[in-house]
Each structure stands twice: as structure tokens, then as C-alpha cells.
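Geometric and topological summary
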Amino acid sequence: MKLAVVANVLQSEEAGQTTHRLAAECARRGHDVWVLSPGAFTYNADDRLLGRARPVPAGPRRPAASLDDRDVKWVTVDELDLMLLRNNPSVQHAWAQTAAISFGRLAMRRGVIVLNDPNGLAKAANKLYLQTFPEEVRPRTLISRDDARLKRFARDEATIVIKPLSGSGGQSVFVVRPNDQPNLDEMIRAVSRDGYVIAQEYLPKAAEGDTRLFLMNGAPLRCKGRYAAFRRVRTGGDLRSNVHAGGRIRRAVVDDAMLGLAEMVRPRLVEDGMFLVGLDIVGDKLMEVNVFSPGGLGNAQRLEKVDFVGAVADALERKVEYMSYYRRNFENVEMATL
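I will try to describe carefully the structure that is included in this document. Fair warning: this is a prediction, and the values are worked out from it, not measured in the lab. (Residues numbered from 1 in each chain as written. Predicted model: local features only at pLDDT ≥ 70, side-chain atom pairs only at ≥ 80, totals over all residues. Heavy atoms only, no water.)

With that settled, consider the overall build of the protein chain. Tallying secondary structure elements over the protein chain gives 8 helices and 19 strands in all. By residue count, 50% of the 338 residues in the protein chain fall in the buried class. Across the protein chain, every contact between residues at least 6 apart in sequence was considered, and the portion connecting residues at least 24 apart equals 68%. Accessible area for the protein chain stands at about 16,400 Å²; split by element, carbon and sulfur atoms hold 47% of it. (Helix = DSSP H or I, 4+ residues; strand = E, 2+ residues; numbered from the N terminus. Buried < 20%, exposed > 50% of the residue type's maximum accessible area, 1.4 Å probe, protein only. Contact = heavy atoms within 4.5 Å. Areas by Shrake-Rupley, 256 points an atom, 1.4 Å probe, with all protein chains shown as cover.)

Another point: the pairing of strand 16 (residues 229-233). Taken residue by residue, a regular strand's side chains alternate between the two faces of the sheet. Where strand 12 (residues 210-216) meets strand 16, 4 bridges bridge the pair, whose relative direction is antiparallel. Across the sheet, the residue bridging to Thr211 is Arg231, located in strand 16. With 3 bridges connecting them, strand 16 and strand 17 (residues 248-250) associate as antiparallel partners. Within strand 17, the residue paired with Arg231 across the bridge is Arg250. (Pairing = 2+ DSSP bridges.)

With respect to the helices and strands, Leu115 occurs in strand 7 (residues 113-115). Judged by its relative accessible area of 10%, Leu115 falls in the buried class. Distance in space between the C-alpha atoms of Leu115 and Gly104 is 8.7 Å, their sequence separation being 11 residues. Residues contacting Leu115, with those up to four places away along its chain left out, are Leu82, Met83, Leu84, Leu85, Phe275, Leu316 and Lys319.

As a further point, take the packing of helix 7 (residues 297-304) against helix 8 (residues 308-329). One can describe the packing of helix 7 onto helix 8 by two numbers: an axis separation of 8 Å at closest approach and a directional angle of 125°. By the angle class used here, helix 7 and helix 8 are oblique. From helix 7, Leu297, Ala300, Gln301 and Glu304 reach across to helix 8, where they touch Phe308, Val309 and Val312. For the contact of helix 7 with helix 8, the per-class residue count stands at 5 nonpolar, 1 polar and 1 charged. (Axes fitted to C-alpha atoms, helices over the stretch in contact; angles between N-to-C directions. Parallel < 35°, antiparallel > 145°, perpendicular 65-115°, else oblique. Nonpolar A, V, L, I, M, F, W, Y, C, P; charged D, E, K, R; others polar.)

Below, the discussion takes up the pattern of salt bridges. Tallied over the entire structure, the rule returns 19 salt bridges. Measuring nitrogen to oxygen at the nearest pair gives 2.8 Å for the salt bridge that ties Glu25 to Arg28. One end of the pair is Glu25 and the other is Arg28, both in helix 1 (residues 14-28) and 3 residues apart, which spans about a single turn. According to the relative accessible area criterion, Glu25 is buried, its value standing at 11%. For Arg28, a relative accessible area of 46% corresponds to the partly exposed category. A salt bridge links Arg29 to Asp314; the nearest nitrogen and oxygen atoms lie 2.6 Å apart. Within this pair, whereas Arg29 is found in the loop between helix 1 and strand 2 (32-36), its partner Asp314 is found in helix 8, the two being separated by 285 residues in sequence. In this structure Arg29 comes out as partly exposed when scored by relative accessible area, which is 26%. Here Asp314 falls in the partly exposed class, since its relative accessible area comes to 31%. (Salt bridge = Lys/Arg side-chain N within 4 Å of Asp/Glu carboxyl O.)

In C-alpha cells:
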């Protein structure tokens, strides 16, 4: 299998660690694996799609820092079997996110399997994507730049959370309680500098943290009876439970409510071609759908003592095998004969 991973974070963040684990596991299995950034593509004058990429060494998994820039070479994307789009939109310029999606589409047209589907990722470019899922899985939400509507929503709900529509990582997130109303103008200005404002009902269970549950091919990722999931617990008075905001990792208990929620969002995720997804869940509500580079798979692996990364690599191999079988047996067969 010839695999390219499009990534812009490999060394420190949760998402980077997960991305490198996947790339290194495929290399360990003897596949040709390359890593390239969203800015490393070239659409050549001879109609070939190329990319400047670094090889991931075979053998035992090594730290991401061991990838040697001296080994960078041009790879013909047209000849790949599979491409993983794992670029993290929270740490890049807007053009880079668009470029990864656009070049991913070109790769698909050349017969490369691209995951997650770039057409689906284009729909999920900001947090409005959450509003396309069933109403019962979402917190009550207002999205606006109108101060009066935002203030009215805050009064009606008593306690709300406001955050920017675009971006991630827990930046510019405020909890607004009744006694914070005098400062609401300043909070709205801080958030609206970057565009639209999301105002959501405050879920009391958020004080206990949230659970990230991984889905693969639309279903909860499960191996040996264990779910790929972990809890992030808040520390101190910080609203955010993100690991880089000081949140602590704990073992998750995946209950029927979470599984029911996953089942309700499955049809949309499958329709949009979302292969590997991280759901952030508080109680019985979905706070975020992570489709670009969901991180923390190593945390779930460590807590559950199960090789979830290997299970994902198995699924990638099966997809390439099925595509190869199709090409060998059906690609040149006239549709009328099928």
C-alpha cells in the first residue's frame, strides 16, 4: 500500500500524536508511507499531481522528530493508493485548510482513496456542521453577530456559553452567568472579532468534563469489547477540558445514552464520507464533531490496553484491498453487463 498523510502537526498536540501513530503503524507493516503539508502540493503542467513529502521509516514506531527533512522528495500523488487528510485547522492559515480539501478532491478524481472525504470536510469547515445533526443531540444554540439577539438569548437561558464559530482548541470560550450580564458586551466583542458568535445553553454536566468517543465508518470504534474513548476532566475553574488547557485524562464509561447519540449521528457521517471521527459528548448532548484531525487515540489505547491504532490500520488495508479487487474485476466492464 502506498499511503500519504497530509498533516501540519506531528510532534506535540494530541492530534499530531494520533496522526503519527497511524502513519508509523502503517510503515511498520511494510507499507510505503509519506507525510506532507497542505502547502506541499503541485499541480504539474503535464496534468500530474505531485507532493513534496518525507518518508516515514519502517520498523518500530519512532518519535515524529525522527522524520528527516533531508529525505524529502517529490511523490506522484496519482500513484498513491490512499491519502489521509489529517491537517489541523486550528493551527494553520485558512488557505491551507482549503488547499488540503481541494487537492484531496483532485486526488480522488485520480482514483486515490481520500479519508476523510474532502467533500464532506468542506461541509464541516466550521461549527455550523453540528447544526446539520438531529436537534435532540444538540444543545440549544443561537449563531449570530447581532448583539441584541445574543443578549436576549443570554437572558432567556440564564447561563450560556459563547465561542467563535470558526476555530477550535478552546480559544475565546466564555461562560456567561446572570451576574456576568454587565460584561456581556465586552465578551461578545472579544468573540465576534473573528466572525460569528455561537451562544449555547450551558450544560451543568460540563462541570464534570466531557467524553471523546471515536467512530470509524460511522460506528463506535470497538476492539476486544472496549470502546475507543476517554474522559477529559476540567481542572480548577477553567471551563475548558481540553488537554492543552489543563484538562486531565481519565477512563471513560461509554453508556447507552452515548451509543444512542452515536447512532443518531451515524447516517450523516456515513453520507459525508467521514471515516474516522471524534465525538465530544457532555451527558446526552453532542458538543463537537471532530472530523479533521481527531486526537487522543493514544490516550484511549493506553487506558483501555487495546490496540485501536492497529484496528484503524486494518480498516485502511481493507479499503485498499477492496478497491484493488474492484479495479481488477469491474473497472473495465461495461455497466450494461453488470
